[in-house]
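Observations on the three-dimensional arrangement
Below, each chain spelled out in residue letters.
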Amino acid sequence: MRIKKTMIFSLMALALILSACAPATTPNNTMPMNNDNSNMTDGIPTPGSMMADNPGAAHMMEPITAPNVQPATETTGGQPLAYREENGVKVFELTTKAVQWPILDGVTVTAYTYNGTVPGPMIRVTEGDQVRIIVKNELPDPTTIHWHGVEVPNAMDGVPGVTQDPIQPGETFTYEFIAKPAGTFMYHSHFEGDVQVGAGLYAPFIIDPKEPEANPPVIDKVLMLSEVRMTDGETFAAMPMGGMEPNYFTINGKSFPATETITVKKGDLVRLRFIAIGQFIHPMHLHGMPFKIVATDGHPVPEGAQLTKDTVSVAPGERYDIEFIATETGQWMLHCHILHHTTNDNVEPGGLMLMINVTE
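Predicted model only: the values in this text are computed from it and were never measured.

This part takes up the pattern of salt bridges. Applying the stated criterion across every chain, the model contains 15 salt bridges. Between Lys-90 and Asp-129 there is a salt bridge whose closest N-O contact spans 2.7 Å. Residue Lys-90 is located in strand β5 (residues 89-104), and its partner Asp-129 is located in the loop between β7 (123-126) and β8 (130-137); the two are separated by 39 residues in the primary sequence. Comparing Lys-90 with Asp-129, the two get one shared label, buried.

Structure, rendered in structure tokens:
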């Protein structure tokens, strides 16, 4: 009798467990369909949901467009931006606009830009300078600018709906702050950044130290690393998601072999400032010569802590200043060591590659 009761209790427990594990059903005994809460867990929207019926996801998958987009009148990005002085303030002017931007011979993308180039113009000032940047928005969408890593007043931080209202199409907004600290920084859109930054709204911001360097490099180059997707003649901001992966990768807005060749002399001290602005990590590898990491995210690394390497992984938003002595003559390659990132639409060589030409 005791054995039979034990068996009955065991069967009842098993039935309860199976009932609890069974999928929920509707009154018609059918599986429930997706509804507005299908991407929620405990009432909280699941981050990164990319369902086809998600309006946000659909927006990200839209091609980059704007009315009456004209070819770019400049072909090189990241060039120093001229300024004027007003009562001791350095005044810069930026205009956001869409252009047709060549990343490679025969390959042109639709880009959102600052002053018509990718990257936008370099703002280079000295630590302690009072700067004023007047931004006019000629895009079809609102935008803002975030001064990435620069210590600005909260009202100048460029976060829409938090520190400022978005700059609407046709409107102008003025940012003003004291440039600090010294180091390698950048500026970029913070409105729908996953689209606008990928579309080209990024640029270098370099703050030189008050005291001039005792041993400045002979060559000092900024290399902004990004990516884009182009398919069937349309341009998309690349995303780390299925169907939106990049197929072109750029250094300063160009894909190899259209990337710049850096020519130096044997014995020169060379500084390269890596800035990763896209949504993918890039381990950058230099052939032939080791380098030292002398600054990270704009902050100097004490000499005793400087690593000697030949590859450094630069994650989105990071900056690394590296220095090396050009010890060997010849053509030396610098490239991303995720080797798919050295292709153009899956054809090698391309993408994140450039040549460092060391001469006697």
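Along the polypeptide, Arg-84 turns up in strand β4 (residues 84-86). Setting aside residues up to four positions removed in sequence, Arg-84 forms contacts with Val-89, Lys-90, Val-91, Glu-93 and Ile-134. Polar contacts involving the side chain of Arg-84 include one to the side chain of Glu-86, which spans 2.8 Å.

So, on to the confidence of the model for the protein chain. With 83% of its residues at a pLDDT of 70 or more, the protein chain has an overall mean of 88. Counted against residues more than four places away or in other chains, residues 1-52, with its pLDDT under 50, gives 21 contacts.

A few words now on empty space enclosed by the protein. The gaps left among the atoms become clear once a water-sized probe is rolled over them. Within the structure shown, the criterion is met by 1 cavity of 30 Å³ or more. The calculated volume of the largest cavity comes to roughly 120 Å³. Considering the residues around the largest cavity, the lining is formed by 16 residues, among which Val-109, Val-118, Gly-198, Tyr-202 and Val-228 are closest to the centre. Mapped onto the lining of the largest cavity, the elements with two or more residues apiece are β5, β6 (107-114) and β13 (219-231). Residue composition of the lining of the largest cavity, by class: 8 nonpolar, 7 polar and 1 charged.

This brings us to the sheet that holds strand β25 (residues 353-359). Read across the sheet, 5 strands follow the order β16-β25-β24-β18-β22 without closing on themselves; strand pairing throughout is mixed. In this open sheet, the two edge strands, each paired with only one partner strand, are β16 (262-265) and β22 (311-314). Across this sheet, the average inter-strand angle for adjacent strands is 20 degrees, counted without regard to direction. One ladder, built from 4 bridges, connects strand β18 (residues 282-286) with β22; its direction is antiparallel. Bridge assignment links Met-284 to a residue of β22, and that residue is Val-312.

Burial runs high along β25: 6 of the 7 residues are buried. Relative to β25, β16 is paired through 4 bridges, and the arrangement is parallel. Across the sheet, the residue bridging to Ile-262 is Ile-356, located in β25. With 6 bridges joining them, strand β24 (residues 330-336) and β25 adopt antiparallel strand pairing. By the bridge assignment for β25, Met-333 is matched with Met-355.

All right, on to the sheet that holds strand β12 (residues 202-208) then. Think of a sheet as strands paired side by side through backbone hydrogen bonds, with each pair either parallel or antiparallel. Judged by pairing direction, the sheet is mixed, and its 4 strands sit side by side in the order β7-β12-β11-β9 without closing on themselves. The strands lining the two open edges of the sheet, one partner per strand, are β7 and β9 (145-148). Along the sheet, successive strands turn relative to each other by an average axial angle of 20 degrees, direction set aside. By the bridge criterion, 6 bridges tie strand β11 (residues 183-189) to β12 in an arrangement that is antiparallel. Paired with His-188 across the two strands is Tyr-202, which belongs to β12.

Cut-offs and rules
- Note on numbering: residues in each chain are counted from 1, in written sequence order.
- Restriction of local features to residues with pLDDT of at least 70 applies here, the model being predicted, together with a cutoff of 80 or more for giving and counting side-chain atom pairs; totals for whole chains, interfaces and linings are based on all residues.
- The basis for every side-chain value is the complete set of heavy atoms in the structure, and neither hydrogens nor water enter the calculation.
- By definition, a salt bridge exists where a carboxyl oxygen of Asp or Glu is found within 4 Å of a side-chain nitrogen of Lys or Arg.
- Helix and strand assignments follow DSSP, with helices taken as H or I runs no shorter than four residues and strands as E runs no shorter than two, numbered in order from the N terminus.
- Exposure classes here rest on a 1.4 Å probe applied to the protein chains alone. A residue is buried below 20% of its type maximum, exposed above 50%, and partly exposed in between.
- By the convention used here, residues are in contact when the closest approach between their heavy atoms is within 4.5 Å.
- Two N or O atoms count as a polar contact when they lie within 3.5 Å, although within protein this holds only if one can serve as hydrogen donor and the other as acceptor, and sequence-adjacent residues are included solely when both atoms are side-chain atoms.
- The score called pLDDT rates the predictor's confidence residue by residue, from a low of 0 to a high of 100.
- Both site types are read off a 1 Å grid over the protein atoms alone. A 1.4 Å probe that fits but cannot get out defines a cavity, while an open set with protein on both sides within 12 Å along at least five of seven lines defines a pocket; lining residues have an atom within 4 Å of a point.
- Grid points are joined across faces, edges and corners, and a volume is the space filled by probe spheres set on the points.
- In this count, Pro and Cys sit with the nonpolar residues alongside Ala, Val, Leu, Ile, Met, Phe, Trp and Tyr, while Asp, Glu, Lys and Arg are called charged and the others, Gly among them, polar.
- Strands pair, by our definition, only if DSSP identifies at least two bridges between them.
- Fitted lines through C-alpha atoms serve as axes, helices being fitted only where they are in contact, and the angles separating the N-to-C directions of these axes extend from 0 to 180 degrees.

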